[in-house]
Amino acid sequence: MSILSWGPVADGLARVFARVVDPAPKPGVRFPEIAGDSSTAVVDTRHGPTSVTIYRPPGGTTRPAVYVNVHGGGFVVGHPDQDDPWCRYLAAHAGVVVVNVDYVLAPQHRFPAAAEQVFDVLRWAAAPDRDWDGTRLCVGGQSAGGNLSAAVSRMALEEGGPRIALQVLHYAPLDLVTPTSQKSSPLGLRAILKPWMGEVFDTAYIPDRGDRAHRLASPAWGSNADDIAGIAPAVVITTEYDRLRDEAVRYAEKLRTAGSLVRHHDVPGVDHGYNIMSDDTDVTRRMYDLIVADVRAAVD
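Residues numbered from 1 in each chain as written. Predicted model: local features only at pLDDT ≥ 70, side-chain atom pairs only at ≥ 80, totals over all residues. Heavy atoms only, no water.

Undergrad: So what exactly am I meant to see when it comes to empty space enclosed by the protein here?
TA: To find the voids left in a structure, one rolls a probe of water-molecule size over its atoms. All told, the structure shown has two cavities of 30 Å³ or more when counted by the stated rule. Of the pockets and cavities examined, the largest cavity occupies roughly 70 Å³. Mapped by element, the contributors of at least two residues to the lining of the largest cavity are strand 3 (66-70), strand 5 (137-142), strand 6 (166-170) and helix 8 (281-299). For the lining of the largest cavity, the element with the highest residue contribution is strand 5, accounting for three residues. (1 Å grid on protein atoms, 1.4 Å probe; cavity = no way out; pocket = protein on both sides within 12 Å on 5 of 7 lines; lining within 4 Å. Points joined across faces, edges and corners; volume = space filled by probe spheres on them. Helix = DSSP H or I, 4+ residues; strand = E, 2+ residues; numbered from the N terminus.)

Undergrad: Whenever I open this one, helix 6 (residues 245-257) confuses me. Can you help?
TA: Two residues of an α-helix separated by three or four positions point the same way, owing to the 3.6 residues in each turn. Taking 1.5 Å per residue, 13 residues should reach 18 Å; helix 6 reaches 19 Å between its end C-alpha atoms and fits that length. Residues of helix 6 that are buried include every one of Glu247, Ala248, Tyr251, Ala252 and Leu255, and no others. Take helix 6 and look down its axis: the buried residues cluster within an arc of 145°, on one side only. Packing partners of the buried residues in helix 6 comprise helix 4 (144-158), strand 6, strand 7 (234-239) and strand 8 (261-267). Gly259 occupies a position one or two residues after helix 6 and carries a positive phi of about 80°. (Expected span 1.5 Å × (residues − 1). Buried < 20%, exposed > 50% of the residue type's maximum accessible area, 1.4 Å probe, protein only. Arc of directions from axis to C-beta. Contact = heavy atoms within 4.5 Å.)

Undergrad: Honestly, the packing of helix 1 (residues 7-20) against helix 5 (residues 195-205) in this entry has me stumped. Any pointers?
TA: The description of two helices packed together rests on the angle between their axes and the distance between the axes. At their nearest, the axes of helix 1 and helix 5 sit 8 Å apart, and the two run at 105° to each other. It follows that helix 1 is roughly perpendicular to helix 5 by the angle criterion. Between helix 1 and helix 5, the contacting residues are Gly7, Ala10, Asp11, Leu13, Ala14 and Phe17 on the first element and Trp196, Val200, Phe201, Thr203 and Ala204 on the second. For the contact of helix 1 with helix 5, the class distribution of residues is eight nonpolar, two polar and one charged. (Axes fitted to C-alpha atoms, helices over the stretch in contact; angles between N-to-C directions. Parallel < 35°, antiparallel > 145°, perpendicular 65-115°, else oblique. Nonpolar A, V, L, I, M, F, W, Y, C, P; charged D, E, K, R; others polar.)

Undergrad: What should I look at first to understand unusual backbone geometry in this one?
TA: With an omega of 0°, the peptide bond between Ala106 and Pro107 qualifies as cis. Here Pro107 is to be found in the loop between strand 4 (97-101) and helix 3 (113-126). Residues Gly161 and Pro162 are joined by a peptide bond in cis, for which omega reads 5°. Inspection of the secondary structure assignment puts Pro162 in the loop between helix 4 and strand 6. Despite not being glycine, Tyr171 has its phi angle at roughly 35°, a positive value.

Keep in mind these values describe shape, not function.
Structure, rendered in structure tokens:
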């Protein structure tokens, strides 16, 4: 272990990273032609009130389905607006309401606070008194948001609801036990996710290494997913050059065994965060269209 695994150092670096990182998507993947229709709301949760941005589909949709979106950021960066282009795209093309969650962050709020808060938002979105159809509920996220989406899907399974029609896990970290330095990429040190990043983020989120084996933190670790029959149908998306690819592939196989894998998309020639940190509109649009099709099929 390096000094980055020492709590005070990791916490300090995580706070600095959260302040200085610029998570804004590249211009090519902002989709300015989609105006979007959004508003904000505040949801009461067990970890305090949290803001959500609600994106509505084009007019004429009666009681649309709802998709709870969970942004990435290594559990320490809080910029839900990073996903604004994706939320607008999904609402416009899938005809669903998208609820984009501004959840609590580490190191101020450690595991499992973020997962519990997202789960409370999920329950709020599923309530019958909304102006959308909470019985047709999806959840998804990229990077850390994918991890949290997997966690709340497991919580819904164990707590008897709400029923989730689809979970979308987009280049998600699903094994926090294995150090990032032991996760390989064909790009080597040129890969987006550096070993030090994983060390800092994981330590800030879950300081006790033993706790990282928890099923809600590391669903792809060991036997954590051996008893997930009945969990929400899942779309798993990996990228060729991502250090996190192998663990997501393992989890996809666990989902397949449980009868819950809808599809595993592997995006060739790109790395972690490709749909934010790249101007490759074609690749991003193709993947978004595939997710849109899976969401529409799940809620129709």
